[in-house]
Amino acid sequence: MIVMSAVRHAAAGTAAVLFVLPVPAATASPVTSVVSVTSAASAASGVPGSSAVSGISGSSLREPTPSVRHHADPARLDRKGTQVQPLPGAPSVPSLSALSWVVADADSGEVLAARNAHRKLPPASTLKALFALTALPHHDPSEQHTVADSELTGIGDGSSLVGVKEGYTYKVSDLWNGVFLSSGNDAVHVLAAMNGGWESMSRQMQEKARSLGAMDTRVVSPDGYDAPGQVSSAYDLAVFGRAGLQDPEFTRYCSTRYADFPAGSWSYGIANTNRLLTGENGVARYPGLLGIKNGYTSNAGNTLISAARRGDRTLVVSVMNPQGGGGLAVYEEARELLDWGFEAVEQVRPVGSLLPVRTKAAAGAESRAVSAPRDGAAAKAAGKAVAAGKAESAAKAEGVGEAEAVGKAEAAGNAPRAGAEASAVPGRDSAAGAAPSGASVGLPLALVGSACAAALVLWARRRRSVDRVS
């Protein structure tokens with residue numbers, strides 16, 4: 001009778017421990033499971049190599065291969081002159097007069113070709129793209145603001161204006177239309193005042209540029225007005241354009257051709273000054289153009305950030321200070337770059353990337369930050385399982401019923417039932433989907449052994465107590 005009691009205790013202890021432990025087989029990857037089912041089906045049918053899924057062979061059921069990233073030497077864009085790596089049959093890069101330019105894939109960030117990409121030049125009003133990236137998220141488009149006289153002071157002579165008046169109330173969306181369509185420095189001054197003031201806005205823009213990996217830009221005047229030391233580059237302008245396209249509000253403003261601007265009890269129409277977008281004043285409209293921003297000052301010459309979509313491909317180009325062709329050359333040279341880019345997109349190797357460069361130290365720190373919680377979670381889970389086993393054994397020694405012992409084990413370890421853990425963390429990395437390791441298989445066996453040992457100790461104690469009574 002004592003032996004049977006010990007056996008019952010051992011069985012109950014083993015069941016309780018296994019009940020709170022996750023089933024190792026539940027973490028097997030879906031691909032492994034499909035292969036196993038396929039193999040079983042082949043064995044059952046007696047046909048070697050037969051598949052349970054029609055048209056899928058066992059060799060094709062592998063882990064998906066991650067997409068290959070094209071390697072590009074970032075130092076290549078530091079070189080002077082035109083940088084391009086054509087494959088056989090690729091179209092020739094157009095010969096342009098601009099001091100610098102970049103054409104890139106807006107989705108991947110890959111630079112398809114460039115000329116003097118990091119040459120520091122005055123950006124003119126293309127710097128308003130960085131201004132929008134920095135200030136746009138801070139205010140709702142429907143928010144209303146009454147303009148104070150102080151907000152319109154300090155506007156440079158000869159600045160482009162949309163017609164903002166002191167004492168008038170405007171919606172934030174109206175002010176942004178003034179920035180993107182009319183390149184209004186008055187609208188920029190008001191929005192900058194709403195976001196901490198002129199100096200603060202300059203610092204915020206500088207920080208935003210650095211966070212995007214735009215290291216050539218130095219912000220002095222947020223509206224792009226000529227100022228000593230204010231520079232950017234074709235590379236940085238392309239970075240700003242690509243980042244803007246990821247914001248639906250930015251994209252909506254920069255691609256708007258016409259809008260009404262309020263003036264008290266009435267309003268007047270304003271047109272986008274980007275002629276590739278509107279197709280006015282002797283420049284044909286470019287199909288699929290998404291706009292972005294153009295600029296001009298006497299010091300910077302003509303500058304332009306443009307983007308266009310054709311099918312599932314979006315390109316972004318930046319052009320700085322063409323040396324010939326007059327005021328329209330910046331649009332025609334951007335057109336040539338877009339045409340070339342859409343034709344050559346699969347026929348050139350990238351010469352760089354618009355994505356921020358991640359240092360090895362930063363990547364290692366991020367890896368440690370991600371892996372440490374996982375390791376800690378695994379150790380914590382193992383500790384909970386052991387605690388559950390000990391609590392269950394203690395409950396057995398106290399003579400608690402089997403069902404109550406299971407409840408105490410779960411409460412002591414706070415361990416989910418098998419299957420609950422798998423459903424709670426479906427996004428684990430490939431390590432979680434791999435076959436169970438020796439350590440994970442050995443843990444349940446060790447706990448079962450501990451339960452059996454506890455039961456035997458209990459049996460020995462009861463045997464001694466019976467001997468003393470007899």
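The paragraphs below set out a description of the structure included in this document. What you are looking at is a predicted structure, and each value in this text was computed from that prediction instead of being measured.

## Considerations on the overall build of the chain
Looking only at helices and strands, the chain has 15 helices and 13 strands in total. Evaluated residue by residue, the chain yields a buried proportion of 43% over its 470 residues. Restricting to contacts in the chain with at least 6 residues of sequence separation, those with at least 24 account for 66%. Within the structure as shown, the chain displays about 23600 Å² of accessible surface, and the carbon and sulfur contribution to it stands at 56%.

## Focus: the nonpolar core
Judged by nonpolar contacts, the single largest core of 61 residues is most densely connected at Phe131, Val164, Trp176, Phe240 and Phe250. Considering each element in turn, this core owes the most residues, 8 residues, to helix α7 (residues 234-245). Once residues within four sequence positions are removed from consideration, Val164 is found in contact with Val147, Leu152, Tyr170, Leu175, Asp186, Ala187, Val190 and Phe261. Core analysis: the second largest hydrophobic core is formed by 27 residues, Ala90, Leu276, Val317 and Val345 among them.

## Observations concerning the pattern of salt bridges
If the charged atoms of two oppositely charged side chains come close together, the side chains can form a pair. This structure, assessed with the given rule, holds 5 salt bridges. Residue Arg252 pairs with Glu249 through a salt bridge whose shortest N-O separation is 4.0 Å. Here Glu249 and Arg252 lie together in helix α8 (residues 248-254), a separation of 3 residues that amounts to about one turn. Judged by relative accessible area, Arg252 falls into the partly exposed class, the value being 43%. With its nearest N and O atoms 3.0 Å apart, the salt bridge here joins Arg335 to Glu332.

## A few points about the side chain of Asn116
Within the secondary structure, Asn116 is located in the loop between β4 (110-115) and α3 (128-135). For Asn116, the contacting residues outside a window of four places in its chain are Arg79, Lys80, Gly81, Leu99 and Ser100.

## Some remarks on the pairing of strand β8 (residues 266-271)
Strand direction decides the pairing type here: strand β7 (residues 258-263) and β8, joined by 6 bridges, are antiparallel. Across the sheet, the residue bridging to Asp260 is Gly269, located in β8. In textbook terms, the turn of a hairpin is the stretch between consecutive antiparallel strands, and for β7 and β8 this stretch comprises 2 residues, one of which, Gly264, has a positive phi near 80°.

Reading the values: rules and limits
- Residues numbered from 1 in each chain as written.
- Predicted model: local features only at pLDDT ≥ 70, side-chain atom pairs only at ≥ 80, totals over all residues.
- Heavy atoms only, no water.
- Helix = DSSP H or I, 4+ residues; strand = E, 2+ residues; numbered from the N terminus.
- Buried < 20%, exposed > 50% of the residue type's maximum accessible area, 1.4 Å probe, protein only.
- Contact = heavy atoms within 4.5 Å.
- Areas by Shrake-Rupley, 256 points an atom, 1.4 Å probe, with all protein chains shown as cover.
- Core = buried A, V, L, I, M, F, W, Y, C linked by side-chain atoms within 4.5 Å.
- Salt bridge = Lys/Arg side-chain N within 4 Å of Asp/Glu carboxyl O.
- Pairing = 2+ DSSP bridges.

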